[in-house]
Structures are given as C-alpha cells and as structure tokens.
Amino acid sequence: MNLLLVTIAGGVGCLVRYGIEMAVRHWHPTRRPWGTVGANAVGCFIAALVVYGLASSLSPEWRTVLTSGFCGGLTTFSSAFAVPAILAKSTHVKYALVIVITTPLVCVVGFALGAAVSN
Amino acid sequence: MNKATSPVATEQLRAIGAVFVGGAIGTCLRAFLLSHVAVHSVQTACQSVRCSAGPWADFVPWTLLAINAIGVYGATRLLAGPLRDRGFFDQWRLLSITGFFGGLTSYSSLFMALDVMRHVYPLGAIVTGLTALLSGATAAWLAIRSVR
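Residues numbered from 1 in each chain as written. Chains lettered and ligands numbered in written order. Predicted model: local features only at pLDDT ≥ 70, side-chain atom pairs only at ≥ 80, totals over all residues.

Peer 1: Explain the confidence of the model for chain B to me, and be specific about the residues and the numbers.
Peer 2: With 85% of its residues at a pLDDT of 70 or more, chain B shows a mean pLDDT of 86. Predicted complex metrics record ipTM = 0.92 and pTM = 0.89. (pLDDT = per-residue confidence, 0-100.)

Spelled out as structure tokens, the structure:
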C-alpha cells in the first residue's frame with residue numbers, strides 16, 4: 001500500500017516538475033533546462049520542510065510518501081546531467097557547466113532554507 | 001469543436017499521461033530498489049569497503065548513487081541517440097526522460113542522505129556529494145561517447 005502511494009506521489013511530483021518546465025518555457029522560450037534547476041531547488045526545499053518541520057506531525061509512512069515519492073519525482077538527477085551533456089555536445093559548453101554547477105548549489109540553498117524555515 | 005476535445009487538449013492530456021506514467025514507474029522502481037537492495041545486497045557487497053574505510057561508509061547512500069549514475073547514463077544515451085531529433089514535447093521523450101528517468105533519479109533523496117551523514121561525518125558528506133556529482137558527469141560523458 002505504501003509503495004503504491006509513493007508511486008502515485010512520484011507521478012504527481014514529475015507532473016509538477018513538468019508544469020514548472022512548461023511555465024519557464026512559456027515565460028522565456030529556451031532549450032536550457034532552467035525549469036529543471038528550479039524544480040530541483042523547490043523539491044529540496046520541500047524535502048527539508050518535511051524532514052525538519054513536519055517530522056513530528058506525520059507518520060513515517062506519509063513522510064516517505066512525501067519525501068521519497070513526491071520530492072523524489074519532483075527532483076531529477078538524470079536531466080540535471082543529461083541535458084547539459086547534450087548542450088555541451090552541441091558546443092554550448094559554458095552553459096552546460098553553469099547548469100551542472102548551479103544545480104547542486106541551488107539545491108543546497110533550497111534544502112538549507114527549508115530547514116531554516118522549519119526551525 | 002468543444003475545447004475539451006480539441007486536438008491541443010488531447011495532446012496536452014497525452015503529455016500529462018506520459019509524464020505521470022513514466023514518473024510513477026521510475027519512482028516505484030527507485031523506492032523498491034532503495035528499500036530492498038539497500039538493505040540486503042549492496043550493504044553486504046560493501047562490507048569490505050566499510051572495513052577499510054571506517055563506519056562512515058555505512059552512511060553512504062550506495063544504492064542511490066548507483067541509481068542516479070545509471071539514470072544519467074540511460075537518459076543521456078537516449079537523448080543523444082534515439083531521441084536526438086525529438087523536441088521537448090515529444091511523447092516518448094516525456095515518457096522516458098521527463099517521466100521515467102526523472103522519477104527514477106532524485107536530487108532531494110541524495111540531499112536528505114547527505115544531511116543525515118553530515119551530522120555524523122561532515123567530511124564524508126562532502127566527499128560523497130562530490131562523488132555523486134563526479135559520477136553523474138562521468139556517466140553522461142560515457143553515454144555521449146558510446147553514441148558516437
């Protein structure tokens with residue numbers, strides 16, 4: 001039952017990331033994955049909120065559904081490297097490097113913010 | 001024609017369905033691997049590493065590191081190969097890259113694992129984080145090379 005909920009939450013998380021990517025592309029048409037970078041930061045922020053802020057009010061099962069499921073689906077490691085690799089292949093090496101370096105930094109900031117807000 | 005049944009709306013529904021199904025399958029596979037492989041096979045296989053590296057190796061999310069690296073390799077290989085000329089909104093790209101590999105791999109789970117580790121072994125958390133980034137970059141590079 002828990003795996004089913006995690007699965008559904010993961011699908012919903014992916015949809016939210018897709019929505020963020022759509023919104024970024026609508027606002028600023030680009031092939032660069034800035035929507036993915038933003039989704040990763042938001043996902044890390046929510047994960048920290050759940051771990052630090054909602055840990056006591058949520059059962060372990062629901063915590064897993066939100067962190068492993070929703071936040072896991074919202075964030076992506078594969079696109080954070082695959083899309084820059086394709087960009088680097090098509091001579092946009094600087095952009096690729098900026099994205100690869102920026103993503104973990106904004107994730108750290110997102111996670112730290114989430115923890116700070118919770119405390 | 002009713003807006004709800006227009007081709008654009010149908011296309012958007014198919015896109016949403018592709019992302020959801022791919023993401024759900026990827027997340028389910030990750031959750032299954034993390035709850036089963038992490039507990040049994042990987043920790044047993046890493047017994048020798050733990051002995052030589054010390055107890056901090058217990059906190060390293062080995063399975064997640066492997067899943068993330070494999071996910072980067074698979075996604076890059078697809079994007080550089082069969083999906084090379086497909087746009088962002090292509091159904092197969094949404095199903096596989098945005099959905100499946102997006103759900104399979106996770107940045108937040110990595111940060112949660114590193115957060116647990118940094119309370120006990122701060123240096124180990126930094127080394128593990130850098131290793132994760134290096135493994136992702138290496139996997140992408142290997143995938144690009146394999147398609148050439």
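Back to the write-up after that little detour.
Peer 1: Let's hear about the interface of chain A and chain B: which residues, and what values?
Peer 2: Each partner contributes to the interface: chain A provides 37 residues, whereas chain B provides 39 residues. Taken together, the elements giving at least two residues each to the side of chain A that touches chain B come down to α1 (2-27), α2 (34-53), α3 (60-74), α4 (78-89) and α5 (93-118) of chain A. By residue class, the composition of the side of chain A that touches chain B is 20 nonpolar, 15 polar and 2 charged. (Contact = placed C-beta atoms within 7 Å. Helix = DSSP H or I, 4+ residues; strand = E, 2+ residues; numbered from the N terminus. Nonpolar A, V, L, I, M, F, W, Y, C, P; charged D, E, K, R; others polar.)

Peer 1: Now, about helix α5 (residues 91-104) of chain B: what can you tell me, with residues and values included?
Peer 2: Residues lying three or four places apart along an α-helix face the same way, a consequence of the helix completing one turn every 3.6 residues. An ideal rise of 1.5 Å per residue puts 20 Å on 14 residues; α5(B) measures up with 18 Å between its terminal C-alpha atoms. Most of α5(B) is tucked away: 12 of the 14 residues are buried. Lining the buried residues of α5(B) we find α1, α3 and α4 of chain A together with α1 (7-36) and α4 (62-80) of chain B. (Expected span 1.5 Å × (residues − 1). Buried ≥ 20, exposed ≤ 12 C-beta atoms within 10 Å, placed from the backbone.)

Peer 1: Describe the environment of A:Ile86, and please don't skip the residues or the numbers.
Peer 2: With respect to the secondary-structure elements, A:Ile86 resides in helix α4. A residue is classified by how many C-beta atoms lie within 10 Å of it, and A:Ile86, with 22 of them, is buried. Considered as a pair, A:Ile86 and A:Ala96 are 10 residues apart in the sequence and their alpha carbons are 8.3 Å apart. Those residues in contact with A:Ile86 that sit more than four places away from it in its chain are B:Leu79 and B:Ala80.

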